[in-house]
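# A structural walkthrough
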Amino acid sequence: MHVTALEWMITILVILGLFVFDFFAHVRTPHDPTFKESGTWSAVYIGLALAFGGFVAWQWGSTFAGEYYAGFVTEKALSVDNLFIFVIIMATFAVPRIYQQKVLLIGIVLALVMRGIFIAVGAAAISAFSWVFYLFGVFLVYTAVKLLRESGHEVEHEEKRDSRIVALAKRVLPTTDSYDGDKLVTRIDGRRAVTPLLLALLAIGFADLLFALDSIPAIYGLTAEPYIVFTANAFALMGLRQLYFLIGGLLDRLVYLSYGLSAILAFIGVKLVLHALHENTLPFINGGRHVSVPEISTPASLGVILGILIVATVASLIKTRGAAASRPVDISGE
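Residues numbered from 1 in each chain as written. Predicted model: local features only at pLDDT ≥ 70, side-chain atom pairs only at ≥ 80, totals over all residues. Heavy atoms only, no water.

### Comments concerning the overall build of the protein
On a plain count of helices and strands, the protein comes out with 11 helices and 2 strands. Helices and strands in the protein line up, N terminus first, as α-α-α-α-α-α-β-β-α-α-α-α-α. Expected size for 334 residues packed as a compact globule is a radius of gyration near 20 Å; at 21 Å, the protein falls within 12% of this value. Counting only C-alpha atoms and orienting by the principal axes, one finds that the protein spans roughly 70 × 50 × 40 Å. Residues counted as buried form 48% of the 334 residues belonging to the protein. Taking contacts inside the protein between residues at least 6 apart in sequence as the whole, the part at least 24 apart equals 80%. With the model as given, the accessible surface of the protein reaches about 15700 Å², and the carbon-plus-sulfur share is 68%. Taking the 24 positively charged and 25 negatively charged side chains of the protein as two groups, their mean positions are separated by 3 Å. (Helix = DSSP H or I, 4+ residues; strand = E, 2+ residues; numbered from the N terminus. Rg over C-alpha atoms; globule rule 2.2 N^0.38 Å. Buried < 20%, exposed > 50% of the residue type's maximum accessible area, 1.4 Å probe, protein only. Contact = heavy atoms within 4.5 Å. Areas by Shrake-Rupley, 256 points an atom, 1.4 Å probe, with all protein chains shown as cover. Lys, Arg positive; Asp, Glu negative; His and termini not counted. Charge placed at Lys NZ, Arg CZ, Asp CG, Glu CD.)

### Looking at the packing of aromatic side chains
Any pair of aromatic rings gets described here by the distance separating the centres and the angle formed by the planes. Within the structure shown, the criterion is met by 18 aromatic pairs. Taking the centre distance of 5.5 Å and the plane angle of 50° together, the rings of F21 and W41 count as tilted. Here the residue F21 occupies a position in helix 1 (residues 5–27), and W41 occupies one in helix 2 (residues 35–60), the gap between them amounting to 20 residues. On the basis of relative accessibility, which here comes to 39%, the residue F21 falls in the partly exposed class. Each member of the aromatic cluster is reached from another via a ring pair, and the members are W8, F52, F55, W58, W60, Y68, Y69, F72, Y227, F230 and F235. (Phe/Tyr/Trp six-rings, centres within 6.5 Å; stacked < 30°, edge-to-face > 60°.)

### Focus on the packing of helix 3 (residues 62–92) against helix 10 (residues 257–278)
For any two helices packed against each other, one specifies the inter-axial angle together with the distance between the axes. The interhelical angle for the contact between helix 3 and helix 10, taken along N-to-C directions, is 145°, at an axis separation of 10 Å. At the point where helix 3 passes helix 10, the crossing takes the left-handed sense. Contacts between helix 3 and helix 10 pair T74, A77, L78, V80 and D81 from the former with L257, S258, L261, I264, L265 and I268 from the latter. When the residues that make up the contact of helix 3 with helix 10 are grouped by side-chain class, the tally is 8 nonpolar, 2 polar and 1 charged. (Axes fitted to C-alpha atoms, helices over the stretch in contact; angles between N-to-C directions. Left-handed = near helix turned anticlockwise from the far one by under 90°. Nonpolar A, V, L, I, M, F, W, Y, C, P; charged D, E, K, R; others polar.)

### Let's talk about the packing of helix 5 (residues 132–150) against helix 10
The contact between helix 5 and helix 10 brings their axes to 7 Å, and the two run at 160°. Taken together, the axis directions place helix 5 and helix 10 in an arrangement best described as roughly antiparallel. Helix 5 and helix 10 meet at a crossing whose hand is left-handed. Across the contact of helix 5 with helix 10, the residue classes tally to 20 nonpolar, 6 polar and no charged. (Parallel < 35°, antiparallel > 145°, perpendicular 65-115°, else oblique.)

### Some words on a nonpolar patch on the surface
On the surface, a nonpolar cluster with roughly 640 Å² of combined accessible area is contributed by L6, M9, I10, I12, L13, V14 and L16. With respect to the secondary-structure elements, V14 resides in helix 1. (Patch = residues over 30% accessible without salt bridge, like charges linked within 9 Å, V, L, I, M, F, W, Y side chains within 5 Å. Salt bridge = Lys/Arg side-chain N within 4 Å of Asp/Glu carboxyl O.)

### With respect to the environment of L18
With respect to the secondary-structure elements, L18 resides in helix 1. Separated by 27 residues in sequence, L18 and Y45 place their C-alpha atoms 9.6 Å apart. In this view, L18 contacts Y45, L48 and M238; residues no more than four positions away in its chain are not counted.

### Looking at the pattern of salt bridges
Throughout the structure, instances matching the rule amount to 2 salt bridges. A salt bridge links R241 to D22, with the shortest nitrogen-to-oxygen separation between them at 2.7 Å. On the criterion of sequence distance, the pair formed by R241 in helix 9 (residues 240–247) and D22 in helix 1 is long-range, its members being 219 residues apart. Residue R241 is classed as buried on the basis of its relative accessible area, which comes to 2%. Residue D22 is classed as buried on the basis of its relative accessible area, which comes to 3%.

### Looking at the side chain of S42
Secondary-structure assignment places S42 in helix 2. Classification of S42 by relative accessible area gives buried; the value is 5%. Here the side chain of S42 touches S38 through a polar contact of 2.8 Å, landing on its backbone oxygen. (Polar contact = N/O pair within 3.5 Å; in protein donor to acceptor, adjacent residues only side chain to side chain.)

This is how it looks when you write it as structure tokens:
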């Protein structure tokens with residue numbers, strides 16, 4: 001897959017342009033998004049993501065399009081799981097609902113920047129050292145086990161992490177417990193002070209950093225093309241703000257989502273290890289020669305990922321049927 005510098009530049013500018021449009025069209029003026037607004041724009045961004053896959057197929061072929069779609073579905077699923085953490089952060093810092101959009105959009109842009117850095121580092125490492133796939137594979141299996149163990153205790157883990165972030169911020173920055181509209185920094189008695197809105201943004205930024213550590217190795221298990229990795233991540237993050245307000249109250253019904261994501265990460269981890277064995281150059285494994293092992297194709301990977309997500313979602317909705325109305329998740333932060 002050959003992507004020219006001009007194509008890279010145009011892609012990045014278009015993506016940045018979409019985020020700028022999102023800010024001025026929806027976020028600049030604080031408001032409580034309606035269900036219709038959130039649903040419409042979620043559909044628009046998902047439509048753009050699917051259409052881009054068609055562009056990849058037209059420009060570079062169906063094989064790369066399949067890799068893009070597999071990566072996009074995986075990253076979108078991981079992003080939905082991240083929304084639950086965002087709900088906890090908003091509640092912890094009591095962020096008023098009308099200001100949550102600003103925190104989310106800035107946090108998502110920071111996430112894209114951090115993922116861009118990880119993508120570049122990952123691409124350089126893979127290009128120089130084929131054995132990096134072993135590390136990625138083992139790390140994903142470890143992450144899958146860790147996610148499985150923490151399932152059901154996300155609130156406790158996130159609250160502990162948030163409290164550490166707040167304690168650190170208060171030691172090095174002057175802070176206030178009061179909000180001043182949607183300002184990140186305010187003045188108290190003539191001195192600048194950090195508002196809880198900025199503390200919430202720091203918490204989301206740190207959470208995004210941890211998410212990137214999981215998501216980048218995962219998508220490199222589906223494609224080795226940095227362009228596909230970047231665009232799949234970018235389109236998965238687009239519309240995440242709208243999705244937060246659209247399904248925030250339904251997140252507590254996806255009780256098996258963590259189990260499904262754990263299975264997906266473990267599957268991709270095994271896929272990476274098999275690929276590493278197939279491309280093996282380590283002298284202490286099979287004398288440095290390639291190991292004859294089966295490799296999992298991209299269509300098979302996409303089928304497995306979609307199948308796991310469908311089973312986890314349907315099982316969750318059946319398990320919590322009738323409970324949504326009585327136990328909604330509060331994303332108002334009030």
